[in-house]
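# Examination of the molecular architecture
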Amino acid sequence: MHRTLERQIKKYLADQSTRPEGWDSFLQAISDTYIHSDEDRALIERSLEISSQELTDKYQNLRASLEGAEELEKKLQSEKLNVEEKITERTMQFNNETARLQASINSLPIGLIMTDMSNQVVTMNPAAKKILYTDIKTPIDNMSIAQIEAFFSGGLDLTSKVTFCTERKESCDINEQSYNGKILHISLTPIITTNSDKGIENDVIGVIIVMQDITEQKTIDRSKDEFFSIASHELRTPLTAIRGNTSLIQQYFMDKIQDADLKEMINDIHESSIRLLSIVDDFLNTSRLEMGKIQFKKESIDMVELVKYIIKEYMATGLMKSITLQLQEPLEKISPVIADTDRVKQVLINLIGNALKFTEAGGITVSIEETQGMFVEVRVTDTGKGIPLENQQLLFHKFQQAGSSLLTRDDVHGTGLGLYISKMMLEGMQGKIWLESSQIGIGTTFAFRLPIKG
Amino acid sequence: MVKILIVEDDPLMSRMYQRMFNLEGYEIELAHDGQEGLDKARANKPVLILLDIMMPKMNGLQTLDELKADPNTKNIPVVMLSNLTGEEDAETALSKGAISYIIKSSFEPNQVIAMIKDILSKLPSTEIPQNNQPSLDKKP
């Protein structure tokens with residue numbers, strides 16, 4: 001019996017003597033109800049306790065999260081400050097860089113103009129302003145390429161050139177542009193970004209135009225030209241007189257001269273004049289070749305005939321005593337080449353002359369062949385002393401005193417310019433020259449080639 | 001006598017050419033500038049004119065123009081004398097009617113003589129001087 005019920009029975013039914021029927025079952029039912037009620041209450045209390053605990057836990061978690069969030073908030077703030085600091089620093093660096101770049105551009109002695117993709121000028125340095133117009137203080141707001149082009153009054157199609165070089169993403173040069181009594185050199189370079197991660201590869205964002213006043217350089221070049229022209233004439237005239245007069249003495253007056261010494265002296269003077277003339281020719285040819293002043297004629301040349309002619313001339317000099325000089329007849333017909341006959345003669349004379357200088361015994365053979373229907377190759381092979389390896393690198397350079405002292409030069413009779421001149425001339429005729437092979441004590445082969453006609 | 005007119009401003013050169021041709025039996029007339037050359041060409045009708053390119057006052061090309069413009073002188077063959085760097089001018093001279101050009105410094109006198117003899121032999125009615133000098137044709 002439930003205690004509460006017992007108490008209640010005791011309290012309210014103490015003097016009750018009779019029990020109605022079913023009273024005990026009834027009381028038992030009530031007792032059960034109380035017990036169940038107690039159980040239920042215990043359950044509810046228990047649930048409440050658990051819920052309360054859960055709530056407390058959740059509250060704790062929330063508190064912790066909030067604290068965490070506050071932490072994060074603090075961190076965020078400090079990061080934000082960091083980033084702001086960095087931005088300020090970077091901005092300052094950027095400004096410094098920009099200032100440096102701008103100062104560099106402004107200090108350049110050559111004109112620099114930068115444009116954007118809509119052909120508007122972004123930067124024009126003082127040097128460019130100086131070249132283009134007189135007042136460098138004039139601001140350049142809204143200047144465009146079209147306006148710059150207008151300065152040249154139709155003499156320069158700048159817009160097309162800019163389009164051309166941005167489309168091709170290549171630099172372009174305008175070598176001599178006259179403007180206002182000056183001569184300018186203008187070059188255009190597209191500004192290309194490589195922003196590959198954005199998918200914009202090699203994008204052109206503008207053009208850099210560089211302008212240089214080369215008037216002075218051109219004047220100097222022209223003076224050099226004139227100097228060499230006059231020098232040539234002035235040097236040659238007295239040398240020709242020495243050569244001509246000694247030659248006349250040799251030809252017409254030798255029998256009047258008794259003295260053998262005198263005869264020899266006259267011969268020496270004659271020979272010296274020829275050597276001097278050849279040196280002067282070498283120097284002048286070199287300078288003219290370097291300045292691009294030599295015009296190469298375009299003639300159709302039968303190389304076989306030319307070589308035969310040169311060989312005949314050599315044989316006629318009577319110098320070819322102990323050494324043979326011959327053409328190895330080509331097996332097939334050789335096509336004509338396009339070149340300047342006089343210059344090719346010079347090359348052949350240079351190569352054969354060299355071969356002669358360095359060959360004591362044996363002979364010189366010239367061979368000709370056609371390669372791939374594009375070039376005719378000529379080879380001059382001698383049985384001379386050969387060229388040491390350390391001298392081979394410098395053969396076609398201007399003065400090849402390769403390491404060995406000036407006093408022990410092999411080539412005592414020349415200026416060291418022969419091969420250099422031959423190389424420059426062949427290159428001027430779209431040809432090429434090279435040392436094919438050389439072995440000490442055995443011989444040397446030089447080769448050159450010229451393009452076939454057509 | 002075969003008369004050759006040499007128009008050359010430098011006395012070193014003109015003396016040499018004069019001697020060269022005299023020794024071979026040619027008669028030489030000298031002129032020291034373009035104008036003198038024109039006057040003497042008109043007056044004496046030489047058989048051949050050797051004309052230097054680089055001369056003061058009137059240069060060789062200008063003189064050539066005048067010679068070819070004058071009916072009295074235009075048929076006289078002209079050989080230009082030049083230096084190496086005057087090659088382009090020499091080519092121009094050929095197009096203006098000069099027969100040939102000689103690069104002065106490149107040739108021995110006997111080669112120059114041979115060239116001139118060759119040119120003269122191709123002209124109608126020109127006498128090549130007969131020489132008695134035994135030292136001729138000998139190689140120096």
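Being a predicted model, the structure only gives us computed values, none of them experimental.

### Some points on the overall build of chain B
When its secondary structure is counted, chain B shows five helices and five strands. Listed N to C, the secondary structure of chain B is β-α-β-α-β-α-β-α-β-α in terms of helices and strands. Here chain B holds 140 residues, and the buried ones make up 51% of them. Of the roughly 6,400 Å² that chain B leaves accessible, carbon and sulfur atoms contribute 50%.

### What to know about the confidence of the model for chain A
As a general rule, the predicted coordinates of low-pLDDT regions are not to be interpreted in detail. Within chain A, residue pLDDT values average 86, and 92% of them lie at 70 or more. Across residues 401–407 of chain A, confidence stays below pLDDT 50; counting only partners more than four residues off in sequence or on other chains, it has five contacts.

### A few points about the interface of chain A and chain B
Each partner contributes to the interface: chain A provides 28 residues, whereas chain B provides 27 residues. Here chain A packs against chain B, burying approximately 2,600 Å² in sum over the two surfaces, 56% of which is carbon and sulfur. Counting the contacts that link chain A with chain B gives two salt bridges. The salt bridge involving glutamate 108 of chain B is made with arginine 243 of chain A; its shortest N-O contact spans 2.7 Å. At the level of secondary structure, the elements contributing two or more residues to the side of chain A that touches chain B comprise helix 6 (215–253) and helix 7 (260–290) of chain A. With 17 residues, the top contributor of residues to the side of chain A that touches chain B is helix 6 of chain A. Looking at the side of chain A that touches chain B residue by residue, the classes come out as seven nonpolar, 13 polar and eight charged.

### Thoughts on the environment of asparagine 175 of chain A
Residue and element names in this part refer to chain A. With respect to the helices, strands and loops of the structure, asparagine 175 is situated in strand 3 (residues 172–179). Asparagine 175 sits 11 residues away from isoleucine 186 along the chain, and the two C-alpha atoms are 6.5 Å apart. With residues near it in sequence (within four places) discarded, asparagine 175 still touches Leu184, His185 and Ile214. Reaching out from asparagine 175, the side chain makes a polar contact with the side chain of histidine 185 at a distance of 3.3 Å.

### Some thoughts on the state of the cysteines
All names here are of chain A. Applying the stated rule across the entire model yields zero disulfides over all chains. With no disulfide of its own, cysteine 165 has cysteine 172 as its nearest cysteine by sulfur position, at a separation of 4.0 Å. Given the relative accessible area of 0%, cysteine 165 is considered buried. On the basis of relative accessible area, cysteine 172 is assigned to the buried category, the value being 9%.

### What about the sheet that holds strand 7 (residues 323–328) of chain A?
Hydrogen bonds between backbone atoms are what pair the strands of a sheet, whose relative direction is either parallel or antiparallel. All names here are of chain A. Pairing within the open sheet is mixed, and its five strands lie in the order 7-9-10-12-11. A strand with exactly one partner marks an edge of an open sheet, and here the two such strands are strand 7 and strand 11 (432–439). The average undirected angle you get between the axes of adjacent strands in this sheet is 15°. In this structure, strand 9 (residues 362–371) lies alongside strand 10 (residues 375–382), joined through eight bridges in antiparallel fashion. Bridging across to strand 10, valine 366 finds its partner in valine 380.

### Examining helix 5 (residues 109–121) of chain B
Residue and element names in this part refer to chain B. With 13 residues, helix 5 extends 18 Å between its outermost C-alpha atoms, agreeing within 8% with the 18 Å of an ideal straight helix rising 1.5 Å per residue. Those residues of helix 5 that sit buried are Pro109, Val112, Ile113, Ile116, Ile119 and Leu120. Angular distribution of buried residues about the axis of helix 5 spans 125°; they occupy a single face of the element.

Thresholds applied
- Residues numbered from 1 in each chain as written.
- Chains lettered and ligands numbered in written order.
- Predicted model: local features only at pLDDT ≥ 70, side-chain atom pairs only at ≥ 80, totals over all residues.
- Heavy atoms only, no water.
- Helix = DSSP H or I, 4+ residues; strand = E, 2+ residues; numbered from the N terminus.
- Buried < 20%, exposed > 50% of the residue type's maximum accessible area, 1.4 Å probe, protein only.
- Areas by Shrake-Rupley, 256 points an atom, 1.4 Å probe, with all protein chains shown as cover.
- pLDDT = per-residue confidence, 0-100.
- Contact = heavy atoms within 4.5 Å.
- Buried area = accessible area lost by both parts, 1.4 Å probe.
- Salt bridge = Lys/Arg side-chain N within 4 Å of Asp/Glu carboxyl O.
- Nonpolar A, V, L, I, M, F, W, Y, C, P; charged D, E, K, R; others polar.
- Polar contact = N/O pair within 3.5 Å; in protein donor to acceptor, adjacent residues only side chain to side chain.
- Disulfide = S-S within 2.5 Å.
- Pairing = 2+ DSSP bridges.
- Axes fitted to C-alpha atoms, helices over the stretch in contact; angles between N-to-C directions.
- Expected span 1.5 Å × (residues − 1).
- Arc of directions from axis to C-beta.

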